[in-house]
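Chain by chain, the residues run as shown.
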Amino acid sequence: MPDHIKVSENILSFNDEIAKINRKLLDEYKLFSINIMASPGAGKTSAILKTFEQITGKFKLGMVDGDLASSIDADKANQSGISAVQINTGGGCHLDAKMVNDALKKLPLGALDALVVENVGNLVCPANFDLGTDKNILIASIPEGDDKPYKYPGIYRGVDALIINKVDLLPYIEFDLNYFKKGVEILNPGLVTFPISCVSGEGIADWVKWFTEHIFAKKGT
Ligand SMILES: Nc1nc2c(ncn2[C@@H]2O[C@H](COP(=O)(O)OP(=O)(O)O)[C@@H](O)[C@H]2O)c(=O)[nH]1
Ligand SMILES: [Mg+2]
């Protein structure tokens, strides 16, 4: 086997070991957790803040925020009442389980009801790294175009739910929703999908219902 393949296999198996530790920790605290992946600007932070708006007072949310640089997103989240920790990957195109493990040590896990990980904006690298969360969520957005499932099949194959954000822009942008959904169906048949707008609020209630049902299920209530 070529050396570079051996090295990447070792990296992935180390990652999977730490992901198991994260999963065990989150299970101990009965914290429902999601890993949100998307391109830069698809609306990851907006969707998380919008979700929190709907559940604030009922559930406490923790957030691990991955970006190449800055603490802009974690600052926004902390200001809104989410307990957020920023990770700067310094150029890295994805979060890995060890980074999330370090961040979990900084969060008041016992005081939280759910954990949201905002991955680095990228449609390729994050798909290869299990973080130990319960569900992987992909956000696609209308301005990115309807051909993305065909161009980035890997990430569409591996997710448990899909949010289609910015549906308020459908009247202004050429986006064939049927063509998009056909591509998704081939890769991930029956994938649960939530068309939403963080601007108009359309579809947010259905997504939040799914999210909160999973929080209750994990708590065993
Ligand atoms: N029109 C529209 N703009 C949105 C929507 N959601 C987010 N945006 C905008 O898209 C940009 C990127 O959003 P952000 O949440 O920072 O994306 P992230 O990089 O994936 O975290 C911001 O200017 C948001 O205001 C939406 O549903 N509709
Ligand atoms: Mg963001």
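Relevant structure appears above.
Residues numbered from 1 in each chain as written. Chains lettered and ligands numbered in written order. Predicted model: local features only at pLDDT ≥ 70, side-chain atom pairs only at ≥ 80, totals over all residues. Heavy atoms only, no water.

Colleague: Help me understand the overall build of the protein in this model?
Modeller: Secondary structure summary: the protein contains eight helices and seven strands in total. By the compact-globule yardstick of 17 Å for 221 residues, the protein fits well, its C-alpha radius of gyration being 17 Å. For the C-alpha atoms alone, the extent of the protein along its principal axes is close to 55 × 45 × 35 Å. Surface accessibility of the protein: about 10,500 Å² in total, with carbon and sulfur atoms responsible for 54%. Positive and negative charge centroids in the protein, built from 23 and 28 side chains respectively, lie 4 Å apart. (Helix = DSSP H or I, 4+ residues; strand = E, 2+ residues; numbered from the N terminus. Rg over C-alpha atoms; globule rule 2.2 N^0.38 Å. Areas by Shrake-Rupley, 256 points an atom, 1.4 Å probe, with all protein chains shown as cover. Lys, Arg positive; Asp, Glu negative; His and termini not counted. Charge placed at Lys NZ, Arg CZ, Asp CG, Glu CD.)

Colleague: What should I look at first to understand unusual backbone geometry in this one?
Modeller: Trans is the common state for peptide bonds, and a negative phi is the common state for residues other than glycine. Look at Lys-30: it is not a glycine, yet its phi comes out positive at around 55°. Checked against the element boundaries, Lys-30 lands in the loop between α1 (3-28) and β1 (32-38). On the basis of relative accessibility, which here comes to 44%, the residue Lys-30 falls in the partly exposed class. Backbone geometry at Lys-166 places phi at a positive 70°, although glycine is not the residue there. Within the secondary structure, Lys-166 sits in the loop between β6 (161-165) and α7 (177-187). (Buried < 20%, exposed > 50% of the residue type's maximum accessible area, 1.4 Å probe, protein only.)

Colleague: Please explain the site of ligand 1 as it appears in this structure.
Modeller: The environment of ligand 1 is formed by 16 residues, the closest being Gly-41, Lys-44, Ser-46, Asp-168 and Cys-198. Interatomic distance of 2.8 Å between a side-chain N/O atom of Lys-44 and an oxygen atom of ligand 1. Contact distances for ligand 1 include 2.6 Å between an oxygen atom and a side-chain N or O atom of Ser-46. Of the residues forming the shell around ligand 1, the biggest block, three residues, is contributed by helix α2 (residues 44-55). (Near = heavy atom within 4 Å. Polar contact = N/O pair within 3.5 Å; in protein donor to acceptor, adjacent residues only side chain to side chain.)

Colleague: So what exactly am I meant to see when it comes to the pairing of β1 here?
Modeller: Remember that side chains alternate between the two faces of the sheet whenever the strand is regular. When you tally the buried positions in β1, you get seven out of seven residues, the bulk of the element. Neither face of β1 is left uncovered, since the one carrying Phe-32, Ile-34, Ile-36 and Ala-38 and the one carrying Ser-33, Asn-35 and Met-37 both have all their residues buried. Both β1 and strand β4 (residues 114-118) contribute to a ladder of five bridges, which runs parallel. Residue Asn-35 lies in a different strand from β4, and its bridge partner there is Val-117. By the bridge criterion, five bridges tie β1 to strand β5 (residues 135-141) in an arrangement that is parallel. The residue of β5 that forms the bridge with Ala-38 is Ile-139. (Pairing = 2+ DSSP bridges.)

Colleague: Before we go on, may I ask you to explain the coordination of the magnesium ion (ligand 2) in this structure?
Modeller: Ideal values differ by geometry: the angle at a metal is 109.5 degrees with four tetrahedral donors, but 90 or 180 degrees with six octahedral donors. Coordination of the magnesium ion (ligand 2) by the protein is provided by Thr-45 (OG1), Asp-73 (OD) and Glu-118 (OE), with metal-donor distances spanning 2.1 Å. Of note, the magnesium ion (ligand 2) draws all its donor residues from one chain, in the sequence arrangement T-x27-D-x44-E. Note that Thr-45 is positioned in helix α2 and Asp-73 in helix α3 (residues 72-80), a separation of 28 residues in sequence. Each member of the pair, Thr-45 together with Asp-73, is buried. (Donors = N, O, S within 2.8 Å, 3.2 Å for Na, K, Ca; no water.)

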